[in-house]
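Notes for the structure review
Below are the chains, spelled out letter by letter.
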Amino acid sequence: MKFWKVVLAGLVALIIFSILTVFIFATVLSSSKSSAKIAKNSVLELTFEKPIAERSTDNPLSGASLLGGRLGSSKNGLNDYVKCIRMAAVDKRIKGIYLNLNDGVQAGWATLEAIRKELLDFKKSGKFIYAYSEGYSEKDYYLASTADKIFLHPEGDFELDGLNITIAFYKGLTEKLGIEVVPIRHGKFKSAVEPYLRKDMSPENKMMTREFLSDIWENFLENIAKSRNISKEELWNIANSMGIRKAKDALEKKLVDALVYEDEVTQELRKKLGLKEKDEVKKVSFGTYSGVKPSSVGIKEKGKDKIAIVYCVGEISSGEGDDERIGSETTASAIREARLDDRVKAVVLRVNSPGGDALASDVIWREVVLTKKVKPVIVSMGDVAASGGYYISCAANKIFAEPNTITGSIGVFGLIPNFQKLYNEKLGIFYDGVKIGEFSDIGATYRAMTEQEKNIIQEQVDRVYETFITRVAEGRGITKAEVDSIGQGRVWSGEDAVKIKLVDQIGGLADAIKEAEKLAKLTKGNYKIVEYPEQVSFIERIINKGRGKKEDIVKAEIAKEIGIYNAIRTIKQAQKRVQARMLYDYVIE
């Protein structure tokens with residue numbers, strides 16, 4: 001017995017020692033990063049090898065392992081890209097920006113829009129931007145088009161062929177398995193239930209999708225045309241005819257400035273910086289520069305007043321959330337904390353969410369309403385702010401969206417699966433029992449619903465939809481009939497959302513902050529920016545990784561590429577509660 005006590009004590013000590021070692025090592029790395037010195041005549045090198053989140057998550061030991069478990073990965077945040085580009089514009093040590101796009105850009109279109117605007121603003125400083133890649137996708141090129149010179153590998157790829165959205169449908173699968181999925185929805189455009197009803201897109205869904213996809217494409221063409229001094233018509237003709245099939249085609253059509261190898265780009269940078277042939281080009285990485293304090297380059301936040309940014313990112317559910325999921329308890333608490341802090345003079349909600357649980361959305365909506373009574377609330381929409389994401393936004397004083405934001409989807413649904421045929425005929429499982437109360441087993445998955453049960457659930461869905469459009473009507477100052485006419489689950493681009501009064505103005509987070517400053521009557525720059533909710537610490541993430549999450553394990557094992565995981569999860573969630581969500585992640589390629 002004593003032997004096992006000694007072993008156990010030793011194991012606990014080893015774990016504690018390992019965590020403390022990691023903590024000390026991480027602290028040292030973090031300290032060295034923040035104290036990094038930037039040499040004169042440097043170039044800020046921006047790479048995009050990681051998916052761009054709304055906020056950076058710090059993990060100096062990204063990719064390492066502890067006791068056999070991965071320590072997770074860090075994420076580069078839009079907030080840090082914006083910070084770095086703005087600092088570089090005024091930092092006398094930084095002479096230009098080098099966009100190294102070899103790894104490709106992993107971000108939504110509205111996120112790219114925000115970074116692109118910052119790069120264009122950077123050029124107003126008189127400093128240069130050079131871009132290079134071994135191959136450009138449309139997303140890569142959208143950022144590269146801001147550059148003074150765009151370089152492409154002589155044998156590189158160049159993608160300019162239009163955009164598409166492909167959706168997986170599961171009706172054939174459920175039929176083979178003997179599963180019946182009964183949808184209860186309100187909204188003819190609420191296409192979240194379509195994969196379980198059809199084997200293709202409905203005409204309404206196709207029309208809606210084509211319209212917002214066309215808006216994103218038109219915005220892309222317009223901005224590229226302006227940057228490269230090429231007509232939209234010519235760009236469209238190139239795309240529609242697959243006019244660029246090799247690197248030389250891109251050069252001939254003036255979409256790139258030179259076909260060169262990366263070492264030749266370095267030589268171009270030497271010339272631009274006035275260096276000799278063998279002089280080193282001093283590049284500052286994004287990781288290093290993001291650790292530099294804005295105050296060190298003259299960007300200072302003054303005064304005691306604050307503007308709070310509350311990040312609302314991911315699907316909406318009840319309870320606690322994190323950097324990738326909106327929990328009603330966590331988000332409502334963050335908004336409440338900002339409201340009760342007298343030094344916070346305005347609140348900006350940064351919403352990037354396809355929605356989720358309707359009740360959880362209403363909990364967050366209530367905190368927005370209460371906050372609006374005492375201080376301005378501004379919404380800044382990211383890549384998507386639809387369904388529940390719009391629900392939590394609609395009560396704000398003012399709403400900003402990028403032209404390529406996906407929003408709207410004002411509609412709700414429930415999904416009740418019937419596994420009786422699967423259980424009985426394929427698995428040989430039968431259910432029987434005793435119930436007290438006619439509807440005590442309503443929603444059971446081992447039998448078909450009765451018409452009366454369907455009507456009861458439909459009443460619940462209709463009631464939630466009525467509440468939803470009432471919230472929107474009150475928040476936007478329009479009638480419920482108007483909301484219903486543009487609702488019904490229909491998705492809109494940010495550009496179209498302005499025309500139908502779902503959004504007030506095209507703009508990004510910076511514009512929302514300026515509006516908050518104006519409505520709160522603050523002196524320009526005479527306030528601090530604070531961010532909510534508080535992010536989980538590096539050590540907490542290590543501990544959480546050690547515990548493991550069922551969701552992470554399932555995601556790793558199931559073929560996410562065809563959406564089966566998301567399909568199963570959606571059925572499970574929609575069975576329990578009415579959903580205000582978009583089913584699709586709308587991956588635009």
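Just so you know, these numbers come straight off a predicted model, no measurement behind them.

It is worth spelling out the overall build of the chain at this point. Check the secondary structure of the chain and you find 22 helices and 24 strands. Counting the 589 residues in the chain, one finds 51% classified as buried. Long-range pairs, those at least 24 residues apart, make up 76% of the contacts in the chain with a sequence separation of at least 6. For the chain, the computed accessible surface area is about 28500 Å², with 52% contributed by carbon and sulfur atoms.

Put simply, helix H2 (residues 78-90) and helix H3 (residues 109-123) touch, their axes get as near as 9 Å, and they point 5° apart. Put simply, H2 runs roughly parallel to H3. Of the residues in H3, those in contact with Leu78, Tyr81, Val82, Ile85, Arg86, Ala88 and Ala89 of H2 are Thr111, Ala114, Ile115, Glu118, Leu119 and Phe122. A class-by-class count of the residues in the contact of H2 with H3 yields ten nonpolar, one polar and two charged.

The amide bond that connects Tyr532 to the next residue, Pro533, takes the cis arrangement and shows omega of -15°. Along the chain, Pro533 falls in the loop between strand S23 (528-532) and helix H20 (538-547). Phi at Asn229 is positive, roughly 60°, even though this residue is not glycine. The topology assignment puts Asn229 in the loop between helix H7 (203-228) and helix H8 (232-240). Accessibility expressed as a relative area gives 71% for Asn229, which makes it exposed. Located in the positive-phi region is Lys501, a residue other than glycine, with phi close to 75°. Residue position: Lys501 is located in the loop between helix H18 (494-499) and strand S22 (505-506).

The next thing to look at is the pattern of salt bridges. Any two side chains of opposite charge can pair, so long as their charged atoms come close to each other. On inspection of all chains with the given rule, the structure shows 31 salt bridges. Between Glu54 and Arg350 there is a salt bridge whose closest N-O contact spans 2.8 Å. Placement of the pair is Glu54 in the loop between strand S2 (52-53) and strand S3 (65-66) and Arg350 in strand S15 (residues 344-353), with a sequence separation of 296 residues. For the pair Glu54 and Arg350, one class covers both residues: buried. Close ionic contact of Arg93 with Asp91 constitutes a salt bridge, the shortest N to O distance being 3.0 Å.

Turning our eyes to something else, we now look at the nonpolar core. With 69 residues, the main nonpolar core has Leu46, Phe48, Tyr136, Phe158 and Tyr289 as its most contacted residues. Per-element accounting of this core gives the leading share, nine residues, to H7. Ignoring sequence-local partners within four residues, the contact set of Leu46 consists of Tyr81, Ile85, Ile97, Tyr98, Leu99, Asn100, Leu119 and Phe286. Counting residues in each nonpolar core, the second largest holds 56 residues, with Ile184, Val347, Ala396 and Tyr465 among its members.

Before going further, it helps to spend a moment on the side chain of Thr174. Mapped onto the fold, Thr174 is located in helix H5 (residues 171-177). Thr174 sits in the buried class, given a relative accessible area of 9%. A polar contact of 2.9 Å, which involves the side chain of Thr174, links it to the backbone oxygen of Lys171. For Thr174, the contacting residues outside a window of four places in its chain are Ile179 and Val181.

If you walk across this open sheet you meet the six strands as S10-S8-S7-S6-S1-S11, and the pairing is parallel. Each having just a single partner strand, strand S10 (258-259) and strand S11 (283-285) make up the two edges of the open sheet. Pairing geometry for strand S1 (residues 42-47) and strand S6 (residues 94-100), over six bridges, is parallel. When the sheet's bridge partners are listed, Val43 is paired in S6 with Gly96.

The rules behind each value
Residues numbered from 1 in each chain as written. Predicted model: local features only at pLDDT ≥ 70, side-chain atom pairs only at ≥ 80, totals over all residues. Heavy atoms only, no water. Helix = DSSP H or I, 4+ residues; strand = E, 2+ residues; numbered from the N terminus. Buried < 20%, exposed > 50% of the residue type's maximum accessible area, 1.4 Å probe, protein only. Contact = heavy atoms within 4.5 Å. Areas by Shrake-Rupley, 256 points an atom, 1.4 Å probe, with all protein chains shown as cover. Axes fitted to C-alpha atoms, helices over the stretch in contact; angles between N-to-C directions. Parallel < 35°, antiparallel > 145°, perpendicular 65-115°, else oblique. Nonpolar A, V, L, I, M, F, W, Y, C, P; charged D, E, K, R; others polar. Salt bridge = Lys/Arg side-chain N within 4 Å of Asp/Glu carboxyl O. Core = buried A, V, L, I, M, F, W, Y, C linked by side-chain atoms within 4.5 Å. Polar contact = N/O pair within 3.5 Å; in protein donor to acceptor, adjacent residues only side chain to side chain. Pairing = 2+ DSSP bridges.

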